[in-house]
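Here is how the chains run, residue by residue.
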Amino acid sequence: MKLVLATNNKGKVKELAEMLKHLQMQVISIGEYPGFPEVEEDGTTFMANAVKKAAAAAGFTGEICLADDSGLEVDALGGAPGVYSARFAGEPKDDAANNRKLLQLLADVPDEQRTGRFRCVIAVAEPGGAVHTAEGVCEGVILRELKGEGGFGYDPLFYLPAYQKTFAELNLEQKNAISHRGQALRKAVEILNRLYVN
Ligand code: ITT
């Protein structure tokens, strides 16, 4: 049985594929299906966008599809960039520009108010139309400068006080063990196991 990862984000694919490598399903990328049109992410919640992406992919491929909608919620910015995380600094998507914009906006925010969280909703859509969702949240602090080389997106600015490291200073397994995506995916795998393995 196939599981199609409906994302164009290479950072997500790397993390998801690592965590799914023991799943009893053949994990493939939506890139294997030429002509899948870009899904407009016009929802106001991670949930709405994840469901839209997964359902569109399942409709197109006829396979079980998994989509991830995620982002960073910064308290001092009223929850921004939130669902707009990928394009915070505008088109085209640019992680470095997003990080620069975040640092600028938080320049005058004191350390104790630089709190935020990554949130991830994973949607699993079945070809028949049913969609299942799972959410994960990871709390942290936004640094004043980039730290670490790993990960993607806002990882070098996202500091975990309990580990005294940013996400970008963790390896893939360490990040997956605690991240918003890891938490959501483990719940999604439970759903897949219930639906298809038993
Ligand atoms: P797809 O829609 O194709 O999956 P995308 O990058 O557009 O790719 P989203 O709309 O869900 O996906 O935006 C997610 C953005 O949130 C991502 O581009 C990063 O800027 C940020 N983000 C999400 N998870 C992250 C993580 O684990 N580490 C760093 N940044 C993350």
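This text gives an overview of the structure that appears in the document. (Residues numbered from 1 in each chain as written. Predicted model: local features only at pLDDT ≥ 70, side-chain atom pairs only at ≥ 80, totals over all residues. Heavy atoms only, no water.)

**Observations regarding helix H3 (residues 95–105)**
Note that an α-helix has 3.6 residues per turn; residues three or four places apart therefore point the same way.
Here is step 1: Here H3 has its buried residues at Ala97, Asn98, Asn99 and Leu102.
Here is step 2: Looking at the buried residues of H3, the elements they touch are strand S3 (64–74) and strand S5 (131–142).
Here is step 3: Two or three places before Ala96, at the start of H3, stands the capping residue Asp94, its side-chain oxygen 3.0 Å from that residue's backbone nitrogen. (Buried < 20%, exposed > 50% of the residue type's maximum accessible area, 1.4 Å probe, protein only. Helix = DSSP H or I, 4+ residues; strand = E, 2+ residues; numbered from the N terminus. Contact = heavy atoms within 4.5 Å. Polar contact = N/O pair within 3.5 Å; in protein donor to acceptor, adjacent residues only side chain to side chain.)

**Focus on the pattern of salt bridges**
Here is step 1: According to the stated counting rule, one finds 18 salt bridges in the structure shown.
Here is step 2: Salt-bridge contacts for Lys52 lead to Asp42; the nearest nitrogen and oxygen are separated by 2.9 Å. Placement of Lys52 in helix H2 (residues 46–61) and of Asp42 in the loop between strand S2 (26–29) and H2 is noted, with a sequence separation of 10 residues between them.
Here is step 3: Look at Asp42 and you get partly exposed, because its relative accessible area is 47%.
Here is step 4: Glu135 is the partner of Arg119 in a salt bridge, and the nearest nitrogen-oxygen pair spans 2.7 Å. With Arg119 in strand S4 (residues 115–125) and Glu135 in strand S5, the pair connects residues that are 16 residues apart, well separated along the chain.
Here is step 5: Given a relative accessible area of 30%, Glu135 falls into the partly exposed group.
Here is step 6: Via salt bridges that share partners, Lys12, Glu15, Asp68, Asp155, Lys175 and Arg181 belong to a single interconnected network. (Salt bridge = Lys/Arg side-chain N within 4 Å of Asp/Glu carboxyl O.)

**Observations concerning the site of the ligand**
Here is step 1: Not every one of the 21 residues close to the ligand is listed here, only the nearest: Thr7, Glu41, Lys93, Asp155 and Lys175.
Here is step 2: Contacts to the ligand include Asp69, whose side-chain N or O atom sits 3.2 Å from an oxygen atom.
Here is step 3: Summarising the interface, the protein chains cover 97% of the accessible area of the ligand, which totals 600 Å² for the free molecule.
Here is step 4: Counting residues per element, the shell around the ligand draws most heavily on S3, which supplies four residues.
Here is step 5: Considering only residue class, the shell around the ligand consists of four nonpolar, eight polar and nine charged. (Near = heavy atom within 4 Å. Areas by Shrake-Rupley, 256 points an atom, 1.4 Å probe, with all protein chains shown as cover. Nonpolar A, V, L, I, M, F, W, Y, C, P; charged D, E, K, R; others polar.)

**Some words on the side chain of Thr7**
Here is step 1: Relative to the elements of secondary structure, Thr7 occurs in the loop between strand S1 (2–5) and helix H1 (10–19).
Here is step 2: For Thr7, the side chain forms a polar contact with the main-chain nitrogen of Asn9, separated by 3.0 Å.
Here is step 3: Other than its neighbours up to four places away in sequence, Thr7 contacts Lys12, Val13, Leu16 and Ile30.

**Things to note about the sheet that holds S4**
Here is step 1: One open sheet accounts for seven strands, arranged S2-S1-S3-S4-S5-S6-S7; its pairing is mixed. Looking along the sheet, the strands with just one partner apiece sit at the ends: S2 and strand S7 (165–166).
Here is step 2: When S1 meets S3, the two strands line up parallel, connected through three bridges. Looking across to S3, one finds that Leu3 is bridged to Ile64.
Here is step 3: Its contacts with the sheet put H1 on S1, S3 and S4, and the angle it makes with S3 is roughly 120 degrees.
Here is step 4: Along the sheet, H2 makes contact with S1, S3, S4 and S5, crossing S3 at roughly 160 degrees. (Pairing = 2+ DSSP bridges. Axes fitted to C-alpha atoms, helices over the stretch in contact; angles between N-to-C directions.)

**Observations regarding the packing of aromatic side chains**
Here is step 1: Applying the stated criterion to the full structure yields four aromatic pairs.
Here is step 2: Between Phe118 and Phe158 the ring centres are 4.5 Å apart and the planes differ by 55 degrees, which places this aromatic pair in the tilted class. With Phe118 in strand S4 and Phe158 in strand S6 (residues 158–160), the pair connects residues that are 40 residues apart, well separated along the chain.
Here is step 3: The class of Phe118 is buried, set by a relative accessible area of 6%.
Here is step 4: For Phe158, a relative accessible area of 0% corresponds to the buried category.
Here is step 5: Ring centres of Phe118 and Phe167 lie 5.7 Å apart, and the angle between their planes is 15 degrees; on these two criteria the pair is classed as stacked. With Phe118 in strand S4 and Phe167 in the loop between S7 and helix H4 (172–178), the pair connects residues that are 49 residues apart, well separated along the chain. Per residue, the accessibility class of Phe118 equals that of Phe167, and both read buried.
Here is step 6: Taken together, the ring pairs connect Phe118, Phe158 and Phe167 into an aromatic cluster.
Here is step 7: Sitting over the ring of Phe88, Lys101 keeps its end group 4.5 Å from the ring centre. (Phe/Tyr/Trp six-rings, centres within 6.5 Å; stacked < 30°, edge-to-face > 60°. Lys NZ or Arg CZ within 6 Å of the ring centre and 35° of its normal.)

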